[in-house]
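If you want the building blocks of each chain, they are given just below.
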Amino acid sequence: MAAGFKTVEPLEYYRRFLKENCRPDGRELGEFRTTTVNIGSITTADGSALVKLGNTTVICGIKAEFAEPPAESSNKGYIVPNVDLSPLCSSRFRPGPPGEEAQAASQFIADVIENSEIIMKEDLCIANGKLAWVLYCDLICLDYDGNILDACTFALLAALKNVQLPTVTINEETGLAEVNLKQTNPLNIRKHPVATSFAVFDDTILIVDPTAEEEDLATGTVTIVMDEEGRLCSVNKPGGSGLTAAKLQDCITRAVTRHKEVKQLIDKVIKSVK
Amino acid sequence: MPLDPRRVPGPEESQPPLLYAAPGQAAAADEAEAEAGALRPLLARAGLLSQAEGSAYVELAGGTKVLCAVRGPREAAEGRGRLLCDFRRAPFCARGARPRPGPAAAARERELGLALQEALAPAVRLARYPRARLELTALLLQDGGAGLAAALCAAALALADAGVEMFDLVVGCGLCRAPGPAAAWRLQPSAAQERAAAARLTVALLPGLGQVAGLLGSGQGGPPESWAQAVRLGVEGCQRLYPLLRRSLLRAAERRAGLPRGLPPPERDPPDRPPPPEGPARPPPPDRP
């Protein structure tokens, strides 16, 4: 009976739960799904992390290569994120070049890296004007069950913390780089941005960490990225229903608590690997 | 290299640090010399993804990791049932340069996708799915050698997990032969051995029926007897892997019967460790002379 009602009137089915302040999978409106993270599993990559947010699974692999710094800023390196949403993770995606959602997610991650200054691009420069590191961050979604942006940001952060770059010296006579693969250094991660996504229902109710079904039924979404000093790095609200300032403030408060939870989890994992 | 407008722009060209490393360091540190007939321990798990009808993950000790998902049967316009296979390599799967995602990489992967499809087609009862299509996506997360063989195993497991009617599971085994006149064929080579090999072969077998479903080989292998011996070795290797794959399917079915799909199992190892390989994952050692 319930399954039939859910198929015919999904929104009404949902509203019945929201009236009782809970959701069909048993969570509160402000509760996240179980988050697990596993780092360093891909040994061919320079840094890797696998994040599971409930069923949503994202794996991030980082490969570091050499390139010439860009012409306009000769003392900076590059960080190139690429989010890959393929038919592997959900049937809503078609094979081939990145679709709209993948492009939007890649651009969101690029903005988060830029705005939060998670890594200073100057740190990636080896020789001014001649050689710099390029970090290719490939985020592949393995299982799509909503809230892809939170999972991608978390996977990126965990993978960056796991990266080990070999030491590079420029030989004075030949001018060529000499790489020592045995001696590696971790990256200098300055800030730890954590994203928290919300879905808006009927222009009034906010729920955190939406699943794919909830995202489809929602009238809007908001993503807030905070760093550890309680500073706001970015707010992403792609259209959808409007939000009052008070509601936005509630979102920010929830994002601050989420940041603490995620930071604790990541510190525990990094410590256990060492 | 034209910039792809759909992706975040990066530098026009980039080189991997391995090119600039001192020669001694480039070789991988731990290349344990395994016996020629020994199979690497295999971890196979079916039924992991919530959004796919069937899924499987296969990992070979030494670093080959493949994840496969099956969708379908979906409605298709034409008369006969079709199996569409897509084999993708993650950009971070190989040591060395990162291949740029784009049309060039897609062309490389199409051959492997076709090989997968041709090996799986004999096993699937497509006649039972008229006017339907089955979509299979295999993703190679890390290439530690024998990637196509592991993908074959994962694909067959995923199809079985999806409940698609099959005649038998397909088991894949990779072999390679080092350059040199008297070199022997090795089962399941590592990535470095594969790179340095003079000839490579992947055998796909239907073990229950004893039929070879697919063969993909290339290189200078020597006389035909050498290739025949390689195929025999591959077939033996597949037979030894078969019980492991069947056991993983059984476990997946038990898990599905015991717990609702999608919820994590109640007892969980610390989430920062990958699941331990199953106890009897090591296939029986070859008979010693």
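Scoring rules and cut-offs
Residues numbered from 1 in each chain as written. Chains lettered and ligands numbered in written order. Predicted model: local features only at pLDDT ≥ 70, side-chain atom pairs only at ≥ 80, totals over all residues. Heavy atoms only, no water. UniProt positions renumbered as here; feature names shortened; annotations may be inferred. Contact = heavy atoms within 4.5 Å. Buried area = accessible area lost by both parts, 1.4 Å probe. Salt bridge = Lys/Arg side-chain N within 4 Å of Asp/Glu carboxyl O. Polar contact = N/O pair within 3.5 Å; in protein donor to acceptor, adjacent residues only side chain to side chain. Helix = DSSP H or I, 4+ residues; strand = E, 2+ residues; numbered from the N terminus. Nonpolar A, V, L, I, M, F, W, Y, C, P; charged D, E, K, R; others polar. Expected span 1.5 Å × (residues − 1).

An unreviewed UniProt entry annotates chain A as Exosome complex component RRP43 of Pelodiscus sinensis. Quoted verbatim from the Sequence similarities (unreviewed entry) field of the UniProt record, the comment on chain A reads "Belongs to the RNase PH family."

Novice: How should I be thinking about the interface of chain A and chain B in this particular structure?
Specialist: Interface size, as often reported, equals the accessible area lost upon joining of the parts. Every contact between the two is made by 52 residues of chain A and, on the other side, 50 residues of chain B. Summing both partners gives a buried area of about 4,400 Å² for chain A against chain B, and 57% of it is carried by carbon and sulfur. At the junction of chain A with chain B, the criterion picks out 2 salt bridges. Where chain A packs against chain B, one counts 19 residue pairs in polar contact (both at pLDDT 80 or more). At the level of elements, strand 1 (35-39), strand 3 (56-67), strand 4 (78-84), helix 3 (100-116), strand 6 (131-143), strand 8 (177-186) and helix 6 (245-273) of chain A are the ones that each hand at least two residues to the side of chain A that touches chain B. In terms of residue count, strand 3 of chain A provides more of the side of chain A that touches chain B than any other element does, 8 residues in total. Across the side of chain A that touches chain B, the residue classes break down as 28 nonpolar, 16 polar and 8 charged.

Novice: Please clarify how the pattern of salt bridges should be interpreted in this entry.
Specialist: When their charged atoms lie close together, side chains carrying opposite charge are able to pair. What the rule picks out here adds up to 24 salt bridges over all chains. The salt bridge involving Arg-88 of chain B is made with Asp-84 of chain A; its shortest N-O contact spans 2.3 Å. Taken as a pair, Arg-88 of chain B in strand 4 (residues 82-89) and Asp-84 of chain A in strand 4 lie in two separate chains rather than in one. The residue Arg-74 of chain B makes a salt bridge to Glu-53 of chain B at a minimum N-O spacing of 3.4 Å.

Novice: Explain helix 3 of chain A here, please?
Specialist: Because an α-helix packs 3.6 residues into every turn, residues spaced three or four apart end up facing the same way. All names here are of chain A. Between its terminal C-alpha atoms helix 3 stretches 24 Å, which fits the 24 Å expected from 17 residues at 1.5 Å a residue. The inward-facing, buried residues of helix 3 abut strand 4, strand 6, helix 4 (148-162), strand 11 (220-226) and strand 12 (232-236). Of the residues trailing helix 3, Glu-117 is marked for its positive phi of about 55°.

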